[in-house]
Amino acid sequence: MPPVDPRSRILGAMGMLVSEQGYAAVTIAAIARAARISKRTFYDHFSDKEECFLAAYAAAADHVYGAVLAETAPGPPWRERLDAVITTYLKAMAAQPEMTRVFHVEIQAAGQRALELHLSVNKRYAALLRRIVREGGEARLAPASAIAVLGAVHELVLHAAAEGTTRRLPTHAATVRPLLDAALAA
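Residues numbered from 1 in each chain as written. Predicted model: local features only at pLDDT ≥ 70, side-chain atom pairs only at ≥ 80, totals over all residues. Heavy atoms only, no water.

S.K.: So what exactly am I meant to see when it comes to the packing of helix 4 (residues 49–71) against helix 7 (residues 112–136) here?
M.R.: How two helices pack is summed up by the angle between their axes together with the distance between the axes. Running from N to C, helix 4 and helix 7 point in directions that differ by 10°, and their axes come no closer than 10 Å. In this view, helix 4 runs roughly parallel relative to helix 7, as classed from their interaxial angle. Of helix 7, the residues touching helix 4 (which contributes Glu-50, Leu-54, Tyr-57, Ala-58, Ala-61, Asp-62, Val-64, Tyr-65, Val-68 and Leu-69) are Arg-113, Ala-114, Leu-117, His-118, Val-121, Arg-124, Tyr-125, Leu-128 and Arg-131. Across the contact of helix 4 with helix 7, the residue classes break down as 13 nonpolar, 1 polar and 5 charged. (Axes fitted to C-alpha atoms, helices over the stretch in contact; angles between N-to-C directions. Helix = DSSP H or I, 4+ residues; strand = E, 2+ residues; numbered from the N terminus. Parallel < 35°, antiparallel > 145°, perpendicular 65-115°, else oblique. Contact = heavy atoms within 4.5 Å. Nonpolar A, V, L, I, M, F, W, Y, C, P; charged D, E, K, R; others polar.)

Right, here's the structure in full:
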């Protein structure tokens, strides 16, 4: 197995430390120690803690989105594909409770750029939901309705992360379906 590159180690250390200490308490020195690199190597990859945290968030979001895309490829009926978006997302969140807490709770402490990144991730999912509905040709999903459904999913995840029930998230897929159906009817 090839050694993990320093950037990946840094991102992993950032996620681990934030899950243990919270974003505000994490220092660059602690990240460097956990990643087994020098502070200079950290600065070769990132200008500051915020940039590192946002890169870790983006990498995690891309990973989950890739899994969702793999499960929603054209073929099955569009409603099954919509269900797969929600189910796959909730399963991914349940699989790594610590990281789910980092990227749903702690991201809120990271400032304006973190908010902008979080919103861009949500818009990507909204566009995916709308595209699947459009490809089905039987219904329409307005942009605000797609965001509202995703907001409901986000709140389910946020509450589960805060309450320590993240592993049970997949059971909430059935909770989201009526909301999605209502959004389709609107």
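S.K.: What exactly am I supposed to notice about the packing of helix 1 (residues 6–21) against helix 2 (residues 28–35) here?
M.R.: Two numbers describe how helix 1 lies on helix 2: the axes approach to 8 Å, and their chain directions differ by 120°. Seen along the crossing, helix 1 lies across helix 2 with a hand that is right-handed. Side by side, helix 1 and helix 2 meet where Arg-9, Ile-10, Ala-13, Met-14, Met-16 and Leu-17 of the first sit next to Ala-30, Ile-31, Ala-34 and Ala-35 of the second. Of the residues that constitute the contact of helix 1 with helix 2, the class distribution is 9 nonpolar, no polar and 1 charged. (Left-handed = near helix turned anticlockwise from the far one by under 90°.)

S.K.: What is the right way to look at the packing of aromatic side chains in this model?
M.R.: Aromatic ring pairs are defined here through the distance separating the ring centres and the angle between the ring planes. In the structure shown here, the tally under the stated rule is 7 aromatic pairs. Here Phe-42 and Tyr-43 contribute two aromatic rings whose centre-to-centre distance is 5.3 Å and whose plane-to-plane angle is 85°, an arrangement assigned as edge-to-face. For Phe-42, a relative accessible area of 0% translates into the label buried. Since its relative accessible area comes to 43%, Tyr-43 is described here as partly exposed. When the centroid spacing of 5.4 Å and the interplanar angle of 75° are considered together, the rings of Tyr-89 and Tyr-125 count as edge-to-face. (Phe/Tyr/Trp six-rings, centres within 6.5 Å; stacked < 30°, edge-to-face > 60°. Buried < 20%, exposed > 50% of the residue type's maximum accessible area, 1.4 Å probe, protein only.)

S.K.: Whenever I open this one, the side chain of His-154 confuses me. Can you help?
M.R.: As for its placement among the helices and strands, His-154 is situated in helix 8 (residues 143–163). Its relative accessible area of 14% is what places His-154 among the buried residues. Dropping the residues within four chain positions of it, His-154 is found in contact with His-104, Gln-108 and His-118.

S.K.: Hey, could you run me through the environment of Ala-58 in this one?
M.R.: Mapping Ala-58 onto the fold places it in helix 4. Separated by 84 residues in sequence, Ala-58 and Ala-142 place their C-alpha atoms 26 Å apart.

S.K.: Whenever I open this one, the environment of Leu-69 confuses me. Can you help?
M.R.: Looking at where Leu-69 falls in the secondary structure, it is placed in helix 4. With 56 residues separating them along the chain, Leu-69 and Tyr-125 place their C-alpha atoms 9.9 Å apart. When residues no more than four places from it in sequence are discounted, the contact partners of Leu-69 are Leu-128 and Arg-131.

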